[in-house]
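A look at the structure
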Amino acid sequence: MAAGTAVGRLKEIVDSYLNRDGGQQIDTGIVASHLAQMRLFGIRQGVEFFPAQDNFGAQRKDFIDRVVKYNELGTRLDSIWDYFLCDGQGLFYVRPTASNYRLYYFRRHEYRTYYNIDGDLDEVVIIYSYKVRKGMGFQQDLDMSAPGPEGANYLGGGNNAKRYIRLSIKRKTIEETHSEGEISFDTQYQAVSGKTKTFENSLGFIPCVEIFNNPKGFSHEGSGEFDALANHIVTHDDMVRTMRKNVTFFGNPTLLSSRPKTDLMESGDDAVIQRPSIAANSGFRGMGTGMSASMFKADPVSRGVDGQIRVPRVIANLEPNDRVGYIVPDAITGDQNSFARQYREEIRTALGGVDELSISAGVTATEYKSLFGRVSATSKKKAESIYTYGIARCLELIIFQEERLFRDSLASAAGLEKPLDLPENHSAEDEALYMQAMEMYEEQVKRLMMACVETQQIPPGVVGLIPDGDVTIQWRWLGPVYEDTTQDILNNSIVVRNLQELGVDSIEALKYLFPSKTDEERAEMLSGFPFRMVNELQSAYSQFARLVGGMMQTPHPQSPDLPMAADPRLDLTPYLYRTLEALQKEMSYAGRYRPIDPTDEPSTSGGRSEQLRGSSGSPSSGPSGSGGYELPAGGSGGPQLPIRPVSIRPPIPTGGPAGSQPMGSSIQQSGGGPERTSPIPVPGSTVSNPDSTYPGQLSAGTSSPSYASIGSADLVAQPGIISQLFPNFAESLLGSGGIRPGGGGLLQPESGESSGNRRVRGGSTRNSKPVRSKPGRNARQRS
């Protein structure tokens, strides 16, 4: 078979499964079986995403759960796995909405990515289609201008019901084009007809994450799961099709007889069949219709109602020399069936899976289960691409944006002015002045956040998530494919106990019993009283103490005037200390705090990757991450809050009328509005109101979302309100670094009593939450 023919046929097979099109003539089940197996071991009983650390009352976990529920990820994972495995790569796109973040997934043919010389994303272009409802009521899905067969109209809308959208996503801007005509990547952008509007990218970075299946080295290119085996799969499809035809043709036995066919076959109708008479056989024609003519004998079975023929139950008038019998041919020979099964096994093995229908190497249940270790390893590699470097990376970007929003709103509430962004054509002198101003701004934000940590207070009007160090998002399966039996759990508990007796750390030993839990969760599980370990440690300490007592009473053989305990080589004091340390450790397990890793943050520096981790550099430059995700300047100057602000401030409008004073003096008014003011249609959806997105009347929005409002109106109307509400906070802030806000000075020192109960209010509600002042490795209290 030619290579081009095999590739084209494979595309038909894959598209038939992805589109759930049962009308295609597809006979092989390799594609469907392999995808179902990968989904089974890749999704299992569900996937849960959680932060690596969450020290402020589970604020991150609650926020992640809201985002996951808003996007219904649990029901979308099946299609994401199918598209990712078949296409070889895919794209996640994060877009903020009025109250949450929308997560989109696009297939390989729906987007194009462009990287800079450093391998970082420079631009992403997305093209997809959606539909627009044209009417109301019964005619909403009718295209009256497109007549169909027999005068009927086509359902589902005609050409005018379909729209195309093109998104060009860059670091600072997002171009959005809606068109009635088809848009493709082969068409020049200047020739695209439609309405285009440009929005400001409020995130400051490209919120796209590209994932690859079977990547070719370190290149930004992946391959589909079945591309390398196109010829094998198509050959197997042809083989199965031939076998199916043989079963259809030879499935019914063949009647072999020396009698005429008309004597042995009758119509499928149960009615009485009129047979030709002797006169008709002799050629005589009657006076009536042609039903009694002699030519009726030529095709007697065509008079059946349903056109079927069958062998009569009784075959009479057989002569002694007549022979009647059945021939039952072998539709599929044993060799052909064995070869097709072996061929299917070889293909499934090459794909990294197991053919469940014909496992030749599995005899016992243990061997059968062990064979699926290959399937588990293969699906886990795919899961790493989809979850770790895909969805989890998107959630990290969202968390980073929310924490940056908290920093910017906190600076705005304190009246700190952030330098305006440099224009496109700026001189070296302007850049130097900008860098100097940014350093001063960063130092002020650093002191402000440290003051918040010390005073345990946050001013009103601050939104977003409290910065909490490491923004890594982890994932785990909610349950295994094979449920553990009670015997398996008992055996694992025996292993845990034996490991503890060998001196293995309890958290490490519990991995055999609770493999899906994190170290922090295992430490929280150990909050009970470990009576067995305490009893053994106390017994060991008593043994060492009695041994020391005996050595104190026994003279030394070489120095009878001294006890044996005086010999430095027989000193048992370190063992007593180690026993007490082990006892203390068993009684004081707790989670561990990790500062933020600057290599995990998205870049807002315009693609520059000059500053490496641990080196000094300009605040606007940042290290670059793998896979096109560069990193902004960041640090961990405080125990809980990152001290370096972002380099590019999000252009979030205040929502006030034209000419009014902004609520936050450090917020720059945006001319075009951010992208969240113009929601885009979901791919494949039907938009009820086309005017909201076409032609060009993209709702710019007159009010900003609640989570994007920076500062508070009271802060501008009453400059000294922070000092009135939080006197200790203002004194600490002014006394720690002498911050002098340039925007009018919202902080005014006033005397007041110190508050003993210091709380921190969350960004979304007015309920106060305690903040841990100094996180430690073995701290027991977690807010």
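If you're wondering where the values come from, they're calculated on a predicted model, not measured in any experiment. (Residues numbered from 1 in each chain as written. Predicted model: local features only at pLDDT ≥ 70, side-chain atom pairs only at ≥ 80, totals over all residues. Heavy atoms only, no water.)

**So, the overall build of the protein**
For the protein, the count of helices and strands is 18 helices and 19 strands. Residues classed as buried in the protein amount to 43% of the 783 residues present. Within the protein, contacts between residues at least 6 apart in sequence are counted, and of these 71% link residues at least 24 apart. Accessible surface computed for the protein: about 41000 Å², of which carbon and sulfur atoms make up 52%. (Helix = DSSP H or I, 4+ residues; strand = E, 2+ residues; numbered from the N terminus. Buried < 20%, exposed > 50% of the residue type's maximum accessible area, 1.4 Å probe, protein only. Contact = heavy atoms within 4.5 Å. Areas by Shrake-Rupley, 256 points an atom, 1.4 Å probe, with all protein chains shown as cover.)

**Here's the deal with the sheet that holds strand β11 (residues 208–212)**
Read from one edge of the open sheet, three strands run β3-β2-β11, paired in antiparallel fashion. Only two strands of the sheet have a single neighbouring strand rather than two, namely β3 (101–106) and β11. Neighbour-to-neighbour, the strand axes of this sheet turn through a mean angle of 20°, independent of strand direction. Where strand β2 (residues 89–96) meets β3, six bridges bridge the pair, whose relative direction is antiparallel. Across the sheet, L91 pairs through a bridge with F106, a residue of β3. Against the sheet, helix α4 (residues 73–87) contacts β2, β3 and β11, and its axis sits at roughly 30° relative to β3. (Pairing = 2+ DSSP bridges. Axes fitted to C-alpha atoms, helices over the stretch in contact; angles between N-to-C directions.)

**Quick notes on a nonpolar patch on the surface**
A cluster of nonpolar side chains, F529, F531 and M587, forms an exposed patch at the surface whose accessible area comes to about 360 Å². Following the sequence through the fold, F529 ends up in the loop between α13 (519–525) and α14 (531–553). (Patch = residues over 30% accessible without salt bridge, like charges linked within 9 Å, V, L, I, M, F, W, Y side chains within 5 Å. Salt bridge = Lys/Arg side-chain N within 4 Å of Asp/Glu carboxyl O.)

**Describing the packing of α14 against helix α15 (residues 573–586)**
Interaxial distance between α14 and α15 falls to 10 Å at its minimum, and their mutual angle equals 165°. On the basis of the axis angle, α14 is roughly antiparallel to α15. Classified by chirality, the crossing of α15 by α14 is left-handed. Of the residues in α15, those in contact with M533, V534, L537, Y541, F544, A545 and V548 of α14 are Y575, L576, T579, L580, A582, L583 and E586. Split into classes, the residues belonging to the contact of α14 with α15 amount to 12 nonpolar, one polar and one charged. (Parallel < 35°, antiparallel > 145°, perpendicular 65-115°, else oblique. Left-handed = near helix turned anticlockwise from the far one by under 90°. Nonpolar A, V, L, I, M, F, W, Y, C, P; charged D, E, K, R; others polar.)

**Here we look at the pattern of salt bridges**
Where side chains of opposite charge bring their charged atoms close, a pairing between them can arise. Scanning the entire structure with this criterion turns up 29 salt bridges. Salt-bridge contacts for R241 lead to D27; the nearest nitrogen and oxygen are separated by 3.2 Å. Taken together, the residues R241 in helix α5 (residues 230–250) and D27 in the loop between α1 (3–18) and α2 (30–43) connect sequence positions 214 residues apart. You'll find R241 and D27 in the same group, each marked buried. E403 is the salt-bridge partner of R60, the closest N and O atoms lying 2.5 Å from each other. Here E403 lies in helix α9 (residues 365–413) and R60 lies in helix α3 (residues 59–71), a separation of 343 residues in the sequence.

**A few points about unusual backbone geometry**
Not every positive phi belongs to a glycine, and R44 is a case in point at roughly 55°. Note on placement: R44 falls in the loop between α2 and β1 (47–51). The exposure class assigned to R44 is partly exposed, which follows from its relative accessible area of 24%. Non-glycine residue N214 carries a positive phi angle of around 50°. The topology assignment puts N214 in the loop between β11 and α5.

**What about the packing of aromatic side chains?**
If you walk through the whole model with that rule in mind, you get 16 aromatic pairs. Geometrically, the ring pair formed by Y104 and F106 is stacked, given 6.1 Å between the ring centres and 15° between the ring planes. Pair check on accessibility: Y104 and F106 agree, each one buried. Both rings, one in F106 and one in Y128, keep their centres 5.4 Å apart while their planes meet at 35°; by these two values the pair is tilted. Placement of the pair is F106 in strand β3 and Y128 in strand β5 (residues 121–132), with a sequence separation of 22 residues. With relative accessibility at 3%, the residue Y128 sits in the buried group. Following the ring pairs from residue to residue traces out a cluster consisting of F49, W81, Y387, W475 and W477. When the ring centre of F185 is taken as reference, the NZ or CZ atom of R112 above it lies at 4.1 Å. (Phe/Tyr/Trp six-rings, centres within 6.5 Å; stacked < 30°, edge-to-face > 60°. Lys NZ or Arg CZ within 6 Å of the ring centre and 35° of its normal.)

**Concerning the nonpolar core**
Counting 65 residues, the largest nonpolar core has F49, F92, F226, I233, Y387 and I391 as the members making the most contacts within it. Ranked by residue count, the leading element in this core is α9, at 14 residues. Residue contacts for I391: discarding those within four places in its chain leaves F49, L73, L77, F92 and I386. Membership of the second largest hydrophobic core comes to 19 residues, among which are Y93, Y111, L121 and I174. (Core = buried A, V, L, I, M, F, W, Y, C linked by side-chain atoms within 4.5 Å.)

**Some details on α4**
The first and last C-alpha atoms of α4 sit 20 Å apart over 15 residues, in line with the 21 Å expected at 1.5 Å per residue. All of the buried residues along α4 are L73, L77, I80, W81, D82, F84, L85, C86 and D87. Just past α4, the residue G88 takes up positive phi, approximately 95°. (Expected span 1.5 Å × (residues − 1).)

**Let's talk about the confidence of the model for the protein**
With 67% of its residues at a pLDDT of 70 or more, the protein shows a mean pLDDT of 74. Long-range and interchain partners of residues 140–160, a stretch whose pLDDT sits below 50, account for 29 contacts in this model, where long-range means more than four residues apart. Per-residue pLDDT stays below 50 along residues 736–783; that stretch engages in 122 contacts with residues further than four places along the chain or on separate chains. (pLDDT = per-residue confidence, 0-100.)

**Notes on the packing of α2 against helix α8 (residues 334–350)**
With their axes 11 Å apart at the nearest point, α2 and α8 run at an angle of 40° to one another. Classed by the angle they form, the pair α2 and α8 counts as oblique. As α2 runs across α8, the sense of the crossing is right-handed. Contacts between α2 and α8 involve I30, S33, H34 and Q37 from the former and R344, I347 and R348 from the latter. Of the residues belonging to the contact of α2 with α8, the class tally is two nonpolar, three polar and two charged.

**With respect to the side chain of R60**
Assessed through its relative accessible area of 1%, R60 is described here as buried. Those residues in contact with R60, other than ones at most four positions away along the chain, are P51, Q53, D54, I399, E403, D468, G469, D470 and V471.

**Observations concerning the pairing of strand β9 (residues 173–179)**
Among the seven residues of β9, five are classified as buried, and the element is accordingly described as predominantly covered. Inspection of the sheet shows strand β8 (residues 162–169) paired to β9 by six bridges, in the antiparallel sense. Across the sheet, I169 pairs through a bridge with I174, a residue of β9. By the bridge criterion, six bridges tie β9 to strand β10 (residues 195–200) in an arrangement that is antiparallel. Looking at β10, one finds that E175 is bridged to T198.

**Some remarks on the state of the cysteines**
Evaluated as defined, the whole model comprises zero disulfides. Sulfur of C208: no disulfide; nearest cysteine sulfur belongs to C394 and is 8.4 Å away. (Disulfide = S-S within 2.5 Å.)

**Concerning the environment of Q342**
By the secondary structure assignment, Q342 is in helix α8. When the C-alpha atoms of Q342 and I359 are compared, they prove to be 9.7 Å apart, with 17 residues separating the residues in sequence.

**Observations regarding α8**
Residues spaced three or four apart along an α-helix face the same direction, because each turn holds 3.6 residues. The end-to-end C-alpha distance of α8 is 24 Å, a good match for the 24 Å that 17 residues give at a rise of 1.5 Å each. Those residues of α8 lying buried are A340, Y343, R344, E345, I347 and R348. Buried positions along α8 lie against α2 and α5. Just downstream of α8, G352 is the residue with a positive phi angle, here 90°.

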